Amino acid sequence: MSTNLSGGGRHVAAELLRGVTAAGLLMSAVVHLDLWAQGVSGVPVIGPLFLLNAVAGLVLALVLLSWKHWLPPLGAVGFGVLTLLAFVLAVTVGLFGSHEVAAGVPQLLAGVAEVVTVVAALGLLAMGSRS
């Protein structure tokens, strides 16, 4: 199977990856905002970080969709990797005095969203930012 894409096909593929990356960012943001609203807001340090994560995911998605440059996909990779790393730390050794469980619908949704974000953003970076 050939991976060479014509100019139009390359553009469509890049826009698809851009949309998938933005969807992953938004899903992660929504999950974190929902958890924050359900009571995480009262947890010292973690509460504000969940709100920051939600805002950052939303802002990154909007920037990614409106600015065709390599920085937004790179930011999306960083967002996804750091969010996943924070979750792994919270589950294994604890994070800022908080311990998380690795089971539940929100954890699954956020985890999948962040993996999708990283993979799609890396694909977008590999294709070139202006495709």
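Above this note sits the structure.
Calculation notes
Residues numbered from 1 in each chain as written. Predicted model: local features only at pLDDT ≥ 70, side-chain atom pairs only at ≥ 80, totals over all residues. Heavy atoms only, no water. Helix = DSSP H or I, 4+ residues; strand = E, 2+ residues; numbered from the N terminus. Buried < 20%, exposed > 50% of the residue type's maximum accessible area, 1.4 Å probe, protein only. Contact = heavy atoms within 4.5 Å. Areas by Shrake-Rupley, 256 points an atom, 1.4 Å probe, with all protein chains shown as cover. Salt bridge = Lys/Arg side-chain N within 4 Å of Asp/Glu carboxyl O. Core = buried A, V, L, I, M, F, W, Y, C linked by side-chain atoms within 4.5 Å. Expected span 1.5 Å × (residues − 1). Arc of directions from axis to C-beta.

Let's talk about the overall build of the chain
The helix and strand tally for the chain stands at four helices and zero strands. For the chain, the spread of C-alpha atoms along the principal axes amounts to about 50 × 30 × 20 Å. A buried classification covers 34% of the 131 residues belonging to the chain. For the chain, the share of sequence-separated contacts (at least 6 apart) that also reach a separation of at least 24 residues comes to 71%. Surface exposure of the chain reaches about 7,300 Å², of which carbon and sulfur atoms provide 76%.

A look at the pattern of salt bridges
Applying the stated criterion to the full structure yields two salt bridges. A salt bridge links R18 to E15, with the shortest nitrogen-to-oxygen separation between them at 3.3 Å. Taken together, the positions of R18 and E15, both in helix α1 (residues 7-37) and three residues apart, correspond to about one turn of that helix. Look at R18 and you get buried, because its relative accessible area is 0%. A salt bridge links K68 to E15, with the nearest nitrogen and oxygen atoms 3.4 Å apart. Taken together, the residues K68 in the loop between α2 (46-66) and α3 (71-92) and E15 in helix α1 connect sequence positions 53 residues apart. Here K68 falls in the partly exposed class, since its relative accessible area comes to 31%. What you see here is one network of salt bridges that share partners, running through E15, R18 and K68.

What about the nonpolar core?
A14, A22, L25, L60, A61, L64, A76, V77, F79, A121, L124 and M127 form the largest nonpolar core, which has 12 residues in total. Among the elements of the structure, α1, α2, α3 and α4 (105-127) are those that each provide at least two residues to this core. V40, F50, A90 and L95 belong to the second largest nonpolar core, which has five residues in total.

So, α2
For α2, spanning 21 residues, the distance from its first C-alpha to its last is 30 Å, which sits close to the expected 30 Å at 1.5 Å a residue. For α2, the full list of buried residues reads I46, G47, F50, N53, A54, G57, L60, A61 and L64. Considered in projection along α2, the buried side chains sweep an arc of 165 degrees and stay on one side of the axis. Turned more than 90 degrees away from the buried face of α2 sit L52, L62 and S66, all of them exposed.

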